[in-house]
Amino acid sequence: MGAGAVGCYFGALLARAGHAVTLIGRPAHVEAIRANGLRLQTATLDEQVPMAADTDPAAVRGADVVMFCVKSTDTEDAARQIQPHLAPGALVLTLQNGVDNDERVRGVLGDAHPVAAAVVYVATEMAGPGHVRHHGRGELVIAPSPRSATVAQQFSAAGIATEISDNVRGALWAKLVLNCAYNAISAIAQQPYGRLVQTPGVADVIADVVAECLAVAEADGIQIPGDVGAAVNRIAATMPGQMSSTAQDLARGKPSEIDHLNGYVVARGKAVGVATPVNRALWVLVKVIETKRD
């Protein structure tokens, strides 16, 4: 549901592994996929993957798993659109930026359907109608649910490295920190990560952003796994040519998810009494650019 770059990439891998996949997305992509299949372009392959595509949220009918990939700004609305059509027991797996989308979907669907958060680490972009381009990574961390073990096995067999974690909230925050560190700066400068970090002062700003995020997380009782600082440094090294999703949104004149990234950290910081001036500045600057293009 909401098959942009993330949904198209994972959907294509699942379809290549023999699963019945339907991509629900925008008309231009749906028309191209219906006509020629989805073009999946990676470092090692370039092929047309046949699969179903539709613009109607009712196409989730009968699905065992719904990969929920809409923008965080559209979460409640999209959940309401699919609600009447979900099969009993269907798992809704949220593959989105931000840390509270699963809770927001659960708030719409109630207890009738299991909802599990997934943390997505992948660099992809839509390179044209029905054409997804993969730049790097592609693993998932998902929360426990009645279907999670089966889903993890199916995804892993399709070439999607997947693990189940009891601390998905912490893992979501770890990704949130990465997004806060790079997304806004990449968007404002319209530059990829590798070029950004070569600019004097950018590494210091990123360090300030990360420090604020970690202070908010600690005050909010979030246990973030792993070495976040090392993970932040790896992003520029492993995805040097990647433009952030926020940068891609601004370049296309689309609303971004900045309210659910740096803006979320600002809001939680205010709630727990932690100052976040650098995150606030980046959040406001992106909002200014969005307003300028309205």
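Bear in mind that the values here come from a model prediction, so they are computed numbers and not experimental data.

Definitions and limits used
- Residues numbered from 1 in each chain as written.
- Predicted model: local features only at pLDDT ≥ 70, side-chain atom pairs only at ≥ 80, totals over all residues.
- Heavy atoms only, no water.
- Phe/Tyr/Trp six-rings, centres within 6.5 Å; stacked < 30°, edge-to-face > 60°.
- Buried < 20%, exposed > 50% of the residue type's maximum accessible area, 1.4 Å probe, protein only.
- Helix = DSSP H or I, 4+ residues; strand = E, 2+ residues; numbered from the N terminus.
- Pairing = 2+ DSSP bridges.
- Right-handed = clockwise from strand over helix to strand, strands pointing away.

Attention now goes to the packing of aromatic side chains. Evaluation of the coordinates by the stated rule reveals 3 aromatic pairs. With 5.3 Å between their ring centres and 65 degrees between their planes, Y9 and F10 make a pair best called edge-to-face. The exposure class of Y9 is buried, given its relative accessible area of 8%. Look at F10 and you get buried, because its relative accessible area is 0%. With a centroid separation of 5.0 Å and 50 degrees between ring planes, the pair formed by Y182 and Y193 is classed as tilted. Of the two residues, Y182 sits in helix α6 (residues 168-189) while Y193 sits in helix α7 (residues 193-196), which places them 11 residues apart along the sequence. Of the residues examined, Y182 reaches a relative accessible area of 3% and is grouped as buried.

Among the 5 residues of strand β6 (residues 91-95), 5 are classified as buried, and the element is accordingly described as predominantly covered. What you see with β6 is no split at all: L91, L93 and L95 on one side and V92 and T94 on the other are buried throughout. Of the pairings in the sheet, the one linking strand β5 (residues 65-68) to β6 comprises 4 bridges and is parallel in character. Directly across from F68, in β6, lies its bridge partner T94. On the question of chirality, the crossover connecting β5 to the parallel β6 by way of helix α3 (residues 75-82) is right-handed. As defined by bridge partners, β6 adjoins strand β7 (residues 115-128) across 4 bridges and the pair is classed as parallel. Considered in β7, the bridge of V92 is made with V115.

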